[in-house]
Amino acid sequence: MPTLARIAAALERLAPPPPARPDLGAADAFVWHPATHGGSPAMLAPVPRVAAVEIGLLQGVDRQKGLLLENTRRFAAGLPANNAMLWGARGMGKSSLVKAAHAAANAETPGSLALIEIQREDIRTLPELLNILRGGTRRCLVFCDDLSFEREDQDYKALKSVLDGGIEGRPPNVLFYATSNRRHLMPRDMIENERSSAINPGEAVEEKVSLSDRFGLWIGFHNADQNTFFAMVEGYAAALKLPVSQEELHRAAVEWSVTRGGRSGRVAWQFILDLAGRLGVALPE
């Protein structure tokens, strides 16, 4: 027995120490860095300042804004809330809305929420991150931008398990938000291939779309029409106090959107940046 005890003690000394519980009060936002094969331990790197747009500047997405902000406020207040997936057209403010909703909730109830960004390629380490957050007192929004899958790989299964809750269940202090250009997180042709080649097409397709079904809140984003695009550039121009008439603003915005081949919130902001530079107006710090 003494020999076995010495062996057990030696193995404990060789084993890596459990990760220290992070100080989630150190910042309002963090980036998750999983452990590396080179030996670097997992860590939550604090972000001193989040690159967020004020929620009032997000135009043309009023319904989407209301849904996500209400869900986020409930979570911040300790009430039941849903995991959310924001899907749809590129450049329409999906990730901007997540960051803006987080900032708005924290402005109303200071320190209530920590925003934790996880990269798409690190999704398989999501269970590890949740174990670190489990038992904490601060509520956390875990956020993955531009999430999609090419196949049912380890990452897909890890996220599915987390959204299902698994045996341990999702920690009550954690909510998961994701953005994607794909409604069901997988390529349409992959789903159609299953429909045409599977023995039971209905069951095969249901399995492929089952992951997105595990998000309780679906929020769709669609391409902007011209009036919505004008509302976007007018809102930005007013916020920056750009010395330009509405007629000239609209004319230049149309020309810019034609050269970019489309209209979106991202295109509107890029146009405003160019216009502010030409007018000699500096952006606020």
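Our structure is the block above this text.
Every value quoted in this text rests on a predicted model; they were computed, and no experiment measured them. Note that residues are indexed from 1 along each chain, following the sequence as it is written. In keeping with the model being predicted, local features are shown solely for residues with a pLDDT of at least 70 and side-chain atom pairs are shown and tallied solely at 80 or more, while totals for entire chains, interfaces and linings include all residues. Only hydrogens and water are set aside; all other atoms, that is, all heavy atoms of the structure, feed into the side-chain values.

Draft legend 1. Layout of unusual backbone geometry. Backbone geometry places Asp-146, a non-glycine residue, at a positive phi of 60°. With respect to the element layout, Asp-146 can be found in the loop between strand E5 (139-144) and helix H5 (154-164). Relative accessible area decides the class of each residue, using a 1.4 Å probe on protein chains only: under 20% of the type maximum gives buried, over 50% gives exposed, and in between gives partly exposed. Asp-146 sits in the partly exposed class, given a relative accessible area of 48%. The backbone phi angle of Lys-241 is positive, close to 55°, even though this residue is not glycine. Helix and strand labels come from DSSP, where a helix needs a run of H or I of at least four residues and a strand needs a run of E of at least two; each type is numbered from the N terminus. Among the structural elements, Lys-241 can be located in the loop between helix H8 (226-240) and helix H9 (246-260). According to the relative accessible area criterion, Lys-241 is exposed, its value standing at 70%.

Draft legend 2. How the structure looks around the pattern of salt bridges. We define a salt bridge as a side-chain nitrogen of Lys or Arg found within 4 Å of a carboxyl oxygen belonging to Asp or Glu. As enumerated under the stated definition, the model contains seven salt bridges in all. Taking the shortest distance from any N to any O, the salt bridge between Lys-65 and Asp-62 comes out at 3.8 Å. Residue Lys-65 and its partner Asp-62 are located together in helix H2 (residues 62-76), separated by three residues, close to a single helical turn. Owing to a relative accessible area of 15%, Lys-65 belongs among the buried residues under this scheme.

Draft legend 3. Here's a closer look at H9. Between its first and last C-alpha atoms H9 spans 21 Å; for 15 residues at 1.5 Å apiece the expected length is 21 Å, and the two agree. What H9 keeps buried is the set Leu-249, His-250, Ala-252, Ala-253 and Ser-257. The criterion used for residue contact is that any of the two residues' heavy atoms lie within 4.5 Å. If you follow the buried residues of H9, they end up packed against H8 and helix H10 (265-279). One or two steps after H9, the chain reaches Gly-261, where phi turns positive at roughly 75°. One less than the number of residues in a helix, times 1.5 Å, gives the span that helix is expected to have.

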